[in-house]
Amino acid sequence: GRVEEEGLARTRWPGRAQVLQKGAGGATLFLDGAHTEASLKSCSEWFLKETTKRAASGRRVRVLLFNTTGQRIGPSLLSPLAAL
């Protein structure tokens, strides 16, 4: 309902689709704690959208840090990110 939608719209969830700017002219960090195939697909779509709209005419370097724990299978989790 409407109450739930408003609550979700106001939710702050650090590490989930979070963008950090490190000073003027510094690195822009894109953080997301995705840990399932579905959430990594959403993360890759978000990351592509965010980096595309921020693309400047200058040099752009993208670095992906990935970590997995437990019984998760890394290659299958990374497949949604392959197109980036």
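Starting from 1, residues in each chain are numbered consecutively following that chain's sequence as written. Where totals are concerned, whole chains, interfaces and linings use all residues; where local detail is concerned, this predicted model gives features only for residues with pLDDT of at least 70, and gives and counts side-chain atom pairs only at 80 or more. Here the side-chain values reflect all heavy atoms present in the structure, with hydrogen atoms and water set aside.

Draft legend 1. Here's a closer look at helix α2 (residues 37–54). Strands here mean DSSP runs of E at least two residues long; helices mean DSSP runs of H or I at least four residues long; both are numbered from the N terminus. Any helix carries an expected span of 1.5 Å times its number of residues minus one. In a regular helix each residue adds 1.5 Å, so 18 residues correspond to 26 Å; α2 covers 26 Å between its end C-alpha atoms and thus fits that length. For α2, the complete set of buried residues consists of Ser39, Leu40, Cys43, Ser44, Trp46, Phe47, Glu50 and Thr51. Should any heavy atoms of two residues lie within 4.5 Å, those residues are considered in contact. The inward-facing, buried residues of α2 abut β1 (18–21), β2 (28–31) and α3 (74–78). The buried label applies to any residue whose accessible area, calculated with a 1.4 Å probe on protein chains only, is under 20% of its type's maximum; exposed applies above 50%, and partly exposed to all values in between.

Draft legend 2. How the structure looks around the nonpolar core. Residues Ala34, Leu40, Cys43, Trp46, Phe47, Leu77 and Leu81 constitute the largest nonpolar core, which totals seven residues. Counting residues per element, this core draws most heavily on α2, at four residues. Ignoring any residue separated from it by four or fewer positions in sequence, one finds alanine 34 in contact with Arg16, Ser39, Leu40 and Cys43. The nonpolar core is taken to be a set of buried Ala, Val, Leu, Ile, Met, Phe, Trp, Tyr and Cys residues, with the residues joined through side-chain atoms within 4.5 Å.

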